[in-house]
Amino acid sequence: MKIICIGRNYAKHIEELHNEKPKEPVIFMKPDSAVLLKKNPFIIPPFSQDIHYEVEVLVKINRIGKFIDQKFAHKYYDEIGLGIDFTARDLQSRLKEKGLPWEKAKAFDGSAVIGNFYPKDSLDLENIKFQLFKNDELVQDGDSSHMLWKIDELIAYVSQYFTLKIGDVIFTGTPAGVGRVEANDVLKGTLEEKEMFHIKVK
Ligand code: ZN
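Now for a quick tour of the structure. All residue numbers refer to position in the chain's written sequence, counted from 1. It should be noted that, the model being predicted, local features are given only for residues of pLDDT at least 70 and side-chain atom pairs only at 80 or more, the latter also being counted only at that level, while totals for whole chains, interfaces and linings use all residues. To get the side-chain values, take all heavy atoms of the structure and skip hydrogens and water.

## Brief notes about the overall build of the protein
Scanning the protein from terminus to terminus reveals 4 helices and 13 strands. Atoms counted for the radius of gyration: C-alpha only. Globule rule: 2.2 Å times residue count to the power 0.38. Taking 17 Å as the expected radius of gyration for a compact globule of 202 residues, we find that the protein reaches 16 Å, a close match to that expectation. Taking the principal axes of the C-alpha coordinates as reference, the protein spans close to 45 × 40 × 30 Å. Here, two residues are considered to be in contact whenever any of their heavy atoms come within 4.5 Å of each other. Long-range contacts, defined here as pairs at least 24 residues apart, represent 76% of the contacts in the protein between residues at least 6 apart. The Shrake-Rupley method, run with a 1.4 Å probe, gives the accessible areas here. Residue values count only the displayed protein chains as cover. Of the roughly 9900 Å² of accessible surface on the protein, a fraction of 51% belongs to carbon and sulfur atoms. Taken as two groups, the 29 positive and 31 negative side-chain charges of the protein have centres that lie 4 Å from each other. The numbering of helices and of strands both runs from the N terminus, where a helix is a DSSP run of H or I of at least 4 residues and a strand a run of E of at least 2. Residues counted as positive are Lys and Arg, residues counted as negative are Asp and Glu, and His and the chain ends are not counted. Where a charge sits is defined by one atom per residue type, namely NZ (Lys), CZ (Arg), CG (Asp) or CD (Glu).

Okay, structure coming up:
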C-alpha cells in the first residue's frame, strides 16, 4: 500500500505556516514503512528537534482506479479514518528553502499514524468533526467543511498521476493548530467524539 498526503488543504493552516495558497492540491507520499505499528509509541527521531503533529482525516481506497471522474469518486472508498502526519518541521523548513523534496521530513519511519476507520455511510462527509488532544488538552479542532478540496475532488486529482489501489490511504491535510511533541506526550484523536487513536511519544 501507499500513503498519499495532501498539503495545504485548510486555509487557516496555510496562514499559520506562512505558506502560499496553492492553485492545485499539494501532494506528497509516504512509503508503507512510515506506518506506525499499532500500539507502538511514536519515537522522536534523532535528526529533528521539532517534530510536529498534524491530525488528518483519512480515506481508505477500496478498489483500483486511474483517471477517476469526480462524480464516481465516492465508489472508491467506504471507510473514513483519522491519523497523524508527523512532520520534522525543522528539516522540512530547510528542505523547502532549498527547493528540495520533503521526504526526509515527512516519510520517515513511524511518521504515519493510521487510526481506526468508520463506514462512510455513518458520517456526513461534508461536515466531519475531528479533534486532537495533547495530554488531554484540545490542540486541533477540525471540520471537513473547511477543506479547500473535498475528498472526491482529491481522489479525482490524485488519480490523474497515481493509480489508486486497494488499501491505499489518503491523508487529506491538517487544519490549524499544529505544534510540537515532546517525550511523554500522549496524543488522542477523536472523530465525531469517538476515539480513533491514542499514542504515547517517546
Ligand atoms: Zn499533513
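There's plenty left to go through after this.
## Considering the sheet that holds strand β1 (residues 3-7)
Think of it this way: DSSP has to see at least two bridges between two strands before they count as a pair. The 6 strands are arranged β2-β1-β10-β4-β5-β7 in an open sheet whose pairing can be described as mixed. The open sheet terminates on both sides in strands that have one partner only, identified here as β2 (26-30) and β7 (112-119). Neighbour-to-neighbour, the strand axes of the sheet open up by a mean angle of 30°, direction not taken into account. Taken together, the 3 bridges between strand β4 (residues 55-61) and strand β10 (residues 169-171) define a ladder with antiparallel strand orientation. Note on definitions: angles span 0 to 180 degrees between N-to-C directions of axes, and those axes are lines fitted to C-alpha atoms, for helices only across the stretch in contact.

## Description of helix α4 (residues 151-158)
In terms of burial, α4 is largely enclosed, as 6 of its 8 residues are buried. Among the residues making up α4, those that are buried are Ile151, Leu154, Ile155, Ala156, Tyr157 and Val158. On its buried side, α4 packs onto β1, β2, β4, β5 (77-85) and β10. Exposure is judged per residue with a 1.4 Å probe applied to protein chains only, and the accessible area is read against the type maximum: over 50% gives exposed, under 20% gives buried, and values in between give partly exposed.

## Things to note about the sheet that holds strand β8 (residues 129-134)
One open sheet holds the 4 strands; their spatial order is β9-β8-β12-β13, and the pairing between them is antiparallel. Every interior strand has two partners, whereas the edge strands, β9 (137-143) and β13 (194-200), have only one. Pairs of neighbouring strands in the sheet enclose a mean axial angle of 15°, with direction left out of account. Pairing of β8 with strand β12 (residues 186-191) involves 5 bridges; the strand directions are antiparallel. Bridged to Lys134 within β12 is Leu187.

## A short note on the coordination of the zinc ion
Every protein donor of the zinc ion is listed here as Glu54 (OE), Glu56 (OE) and Asp85 (OD), and their distances to the metal cover 2.0 to 2.1 Å. Any N, O or S atom lying within 2.8 Å of the metal counts as a donor, and for Na, K and Ca the limit rises to 3.2 Å; water is left out, so some sites can look incomplete. As a motif over one chain, the donors of the zinc ion read E-x1-E-x28-D. A residue pair is termed long-range when its members are at least 10 positions apart, and Glu54 in the loop between β3 (51-53) and β4 and Asp85 in strand β5 qualify at 31 residues. Since its relative accessible area comes to 4%, Glu54 is described here as buried. On the basis of relative accessibility, which here comes to 0%, the residue Asp85 falls in the buried class.

## Some words on the environment of Lys98
With respect to the helices, strands and loops of the structure, Lys98 is situated in the loop between α2 (89-97) and α3 (103-106). Lys98 sits in the exposed class, given a relative accessible area of 63%. Considered as a pair, Lys98 and Asn135 are 37 residues apart in the sequence and their alpha carbons are 35 Å apart.

## Considerations on the pairing of β1
Burial analysis of β1 places 5 of its 5 residues in the buried class, the great majority of the element. Side chains Ile3, Cys5 and Gly7 of β1 all project onto a buried face; the interleaved residues Ile4 and Ile6 project onto the opposite face, where all are buried too. Note that β1 and β2 share 5 bridges and pair antiparallel. Residue pairing across strands places Ile6 opposite Ile27, the latter belonging to β2.

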